[in-house]
There are 2 protein chains.
Amino acid sequence: MNIQTRHDMLTAQDEYPTRVPGEERLSERKDPVLWSEWSEDAPIGKDEAEHYAENGYLVRRDMFDADELKVLTETADMLREGGGDIPDNDLIREPDSDAVRTVFRLDEHSKAFRRLACDRRLAGVAEFLLGDEVYLHQSRLNYKPGFAGKEFYWHSDFETWHAEDGMPRMRAVSASVLLTPNGPHNGPLLLVPGSQDVFISCVGETPEDNHETSLKEQKVGVPQPGTIDRMAQKAGGIASAQGETGTVIFFDCNTLHGSNGNITPDPRANAFFVYNAMSNALTRPYAARGPRPDFLANRAAPQAIRTVSGKLTG
Amino acid sequence: MNIQTRHDMLTAQDEYPTRVPGEERLSERKDPVLWSEWSEDAPIGKDEAEHYAENGYLVRRDMFDADELKVLTETADMLREGGGDIPDNDLIREPDSDAVRTVFRLDEHSKAFRRLACDRRLAGVAEFLLGDEVYLHQSRLNYKPGFAGKEFYWHSDFETWHAEDGMPRMRAVSASVLLTPNGPHNGPLLLVPGSQDVFISCVGETPEDNHETSLKEQKVGVPQPGTIDRMAQKAGGIASAQGETGTVIFFDCNTLHGSNGNITPDPRANAFFVYNAMSNALTRPYAARGPRPDFLANRAAPQAIRTVSGKLTG
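Residues numbered from 1 in each chain as written. Chains lettered and ligands numbered in written order. Predicted model: local features only at pLDDT ≥ 70, side-chain atom pairs only at ≥ 80, totals over all residues. Heavy atoms only, no water.

Caption draft 1: The arrangement of the sheet that holds strand 13 (residues 268-277) of chain A in detail. Residues and elements named next belong to chain A. Pairing is antiparallel in the open sheet, where 7 strands are placed in the order 2-11-7-13-5-4-3. Each edge of the sheet is formed by a strand with only one pairing partner; in this case those strands are strand 2 (57-60) and strand 3 (91-93). Within this sheet the neighbouring strands show an average axis-to-axis angle of 15°, counted without direction. (Pairing = 2+ DSSP bridges. Helix = DSSP H or I, 4+ residues; strand = E, 2+ residues; numbered from the N terminus. Axes fitted to C-alpha atoms, helices over the stretch in contact; angles between N-to-C directions.)

Here you go:
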């Protein structure tokens, strides 16, 4: 095919152009937020489904019993202390010790967390929200120490997944399982309710190997402060997702979120799973030269999750 | 006098040695926190006095009526927009505009804020807490924009005022008057209750002109994380001082405090007054080569405040 045809094909397919020259542009979301009709069989309540559709996030508490929490926190501690047999490629360690800060591909490196990823309380909810079978686009264990926790500025994950990973539509959801208490002052997840309904085409070209720096501080693909301010005002203010260990936070792939730094002594840890609809598998990146590595975006062999019910065990 | 005598004199007088070589040392506070006996005439309630003595801080709400708040916030806006006739020495401006971020010597540059500084609701409370006539050691108007508010790490003000300004004893109190709402996520003041009772001798020598960088990020005179952690655990956790516009936060000169950054759209502004007891006037710095400039530490002509009652007017 000639260049023009190829260009037409690519641009015609792109419902969410971003990393554009000129000025930031806002457009309406072209996909549902909640992809299922609620019924009695749904894994969440009707109020919860409505809250998610309206606000772009949902906090579910007391999802696990004490034994299950013990399995999860002890496994997380073990991974943090050594990393076990996990290859260095999938780890980020603290600069001044062997302690592990992040374990990527968490579901491949830990039986307990693989089981968690498939649990009906996570994957079952994701299937319902996305109205499809789901697979893991990304999974990781995060540990953020006290005193020196860094802020993370407002962004839409979908903007990056679309631009740099080639995720076509807004049909993905993140689930964060808190492994420590997360209060108001140790950097809880902040969200702009309703922001999932607006796609912000961000200005600027994607630098090569952007992920090498963007995981620490995102510079391309972030909205203008004035835009965030207007959206927060429309929402009546920002929201925060706080909770005890075991709280699960679901948020839509396009919900604007971020977190403040943390000077308190209290660390934060969570297990983080991104579920994508099977029908929404990755194509070529929409606004980057090459795709990001597999530990950030599972493009090699997405497999539909078989959800599992019942108690988590070690 | 010979060197030994002079050394003896200086060290004998220093109840709170800091900026020391070797290891951080903790010692008991040698001064009262609350310097007055509470009586019916006190400007605060008995519970409030006890709370302050025990925790090292006190939050007082609804101190001003709507007219008074209007005077204060409008004056603050005016100062922020132009700075008026204030000499550049007493201003910090935003890097990318003429907007003013800080006005030092606030009481000298604004009639309304001078009147506020002398108000019985501030100076009268300070006199009671310190059991003495008081003067202004430092005063300033702070404006911290949203989105980009920087964190400020844990520190004791007294440690700096003693080391770098020559404040002999712990007989000073800060009063912060909120000029915007201050909620959990736009960087409220965080405090370690009870920390006022312990003096932490910090490690490290004071660099020359330390204040030129320490106002942005304090590197000398900050406690070790483990120490803060232990003190926070002893206190049953950190406290935060939040409130609506017009809330007044008093905190002892030695109470450990700090604040997280602020990625939210909501700015913070406050008027900040440090009251020192007349009997506690500055001497030579205890651990710095020369004193800090006058806008940070009023050493030229401390004058006892005559407290004023009644409504603030423009």
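Structure's up, so let's keep going.
Caption draft 2: Representation of the interface of chain A and chain B within the structure. Taken together, the contacts link 24 residues of chain A with 24 residues of chain B. Contact with chain B buries area across many residues of chain A, yet F147, H185 and I263 of chain A alone supply 39% of it, more than any other trio. Per-element tally for the side of chain A that touches chain B: the top contributor is helix 9 (residues 225-234) of chain A, with 4 residues. Its residues assigned to classes, the side of chain A that touches chain B shows 13 nonpolar, 9 polar and 2 charged. (Contact = heavy atoms within 4.5 Å. Buried area = accessible area lost by both parts, 1.4 Å probe. Nonpolar A, V, L, I, M, F, W, Y, C, P; charged D, E, K, R; others polar.)

Caption draft 3: Highlighting empty space enclosed by the protein. Counted under the stated rule, the structure contains 3 cavities of 30 Å³ or more. Contributing to the lining of the largest cavity are 14 residues, with P184, H185 and N260 of chain A together with P184 and N260 of chain B lying nearest its centre. (1 Å grid on protein atoms, 1.4 Å probe; cavity = no way out; pocket = protein on both sides within 12 Å on 5 of 7 lines; lining within 4 Å. Points joined across faces, edges and corners; volume = space filled by probe spheres on them.)

Caption draft 4: Up close: the relation of the copies chain A and chain B. Relative to chain B, chain A is turned by 180° and slid 0.0 Å along the rotation axis, the superposed coordinates differing by an RMSD of 0.0 Å. Look at the turn and shift together and you get a two-fold axis relating the two. Residue by residue, 100% of the interface of chain A is reproduced at the interface of chain B, so both copies engage with the same surface. (Least-squares fit on C-alpha atoms with pLDDT ≥ 70 in both.)

Caption draft 5: A look at the sheet that holds strand 12 (residues 257-259) of chain A. All names here are of chain A. Strand order across the open sheet formed by 4 strands is 6-12-8-10, with antiparallel pairing between neighbours. In the strand order of this sheet, the two ends are held by strand 6 (152-155) and strand 10 (239-241), each with one partner. Across the sheet, the mean angle separating the axes of adjacent strands is 25° when strand polarity is ignored. Pairing of strand 8 (residues 189-191) with strand 12 involves 2 bridges; the strand directions are antiparallel. When the bridges of strand 12 are listed, L190 appears paired with G258.

Caption draft 6: View of helix 7 (residues 157-165) of chain B. All names here are of chain B. Burial analysis of helix 7 places 9 of its 9 residues in the buried class, which makes it a mostly covered element. Of the positions making up helix 7, those classed as buried are D157, F158, E159, T160, W161, H162, A163, E164 and D165. The backbone nitrogen of F158 has a side-chain oxygen 3.3 Å away, supplied by the residue at the start of helix 7, namely S156. Of the residues trailing helix 7, G166 is marked for its positive phi of about 75°. (Buried < 20%, exposed > 50% of the residue type's maximum accessible area, 1.4 Å probe, protein only. Polar contact = N/O pair within 3.5 Å; in protein donor to acceptor, adjacent residues only side chain to side chain.)

Caption draft 7: Up close: the packing of aromatic side chains. As enumerated under the stated definition, the model contains 14 aromatic pairs over all chains in all. Residues Y153 of chain A and F147 of chain B carry aromatic rings whose centres are separated by 6.5 Å and whose planes lie at 55° to one another, so their mutual orientation is tilted. Taken together, the residues span two chains, with Y153 of chain A in strand 6 and F147 of chain B in the loop between strand 5 (134-144) and strand 6 (152-155). Ring-pair connections join several aromatic residues into one group, and the members of that group are Y16, F158 and F199 of chain A. (Phe/Tyr/Trp six-rings, centres within 6.5 Å; stacked < 30°, edge-to-face > 60°.)

Caption draft 8: Up close: the environment of A277 of chain A. All names here are of chain A. One can find A277 in strand 13. On the basis of relative accessibility, which here comes to 0%, the residue A277 falls in the buried class. Along the primary structure A277 and R169 are separated by 108 residues, whereas in three dimensions their C-alpha atoms are 9.5 Å apart.

Caption draft 9: Just the pairing of strand 13 of chain A, in detail. Residues and elements named next belong to chain A. Along strand 13, 10 of the 10 residues are buried, which leaves the element largely enclosed by surrounding structure. Alternating positions in strand 13 separate into two faces, R268, N270, F272, V274 and N276 on one and A269, A271, F273, Y275 and A277 on the other, with burial throughout. Here strand 5 (residues 134-144) pairs with strand 13 via 10 bridges, running antiparallel. Note on strand 13: the bridge partner recorded for N142 is N270. As paired elements, strand 7 (residues 172-178) and strand 13 share 7 bridges and run antiparallel to each other. Considered in strand 13, the bridge of V177 is made with A271.

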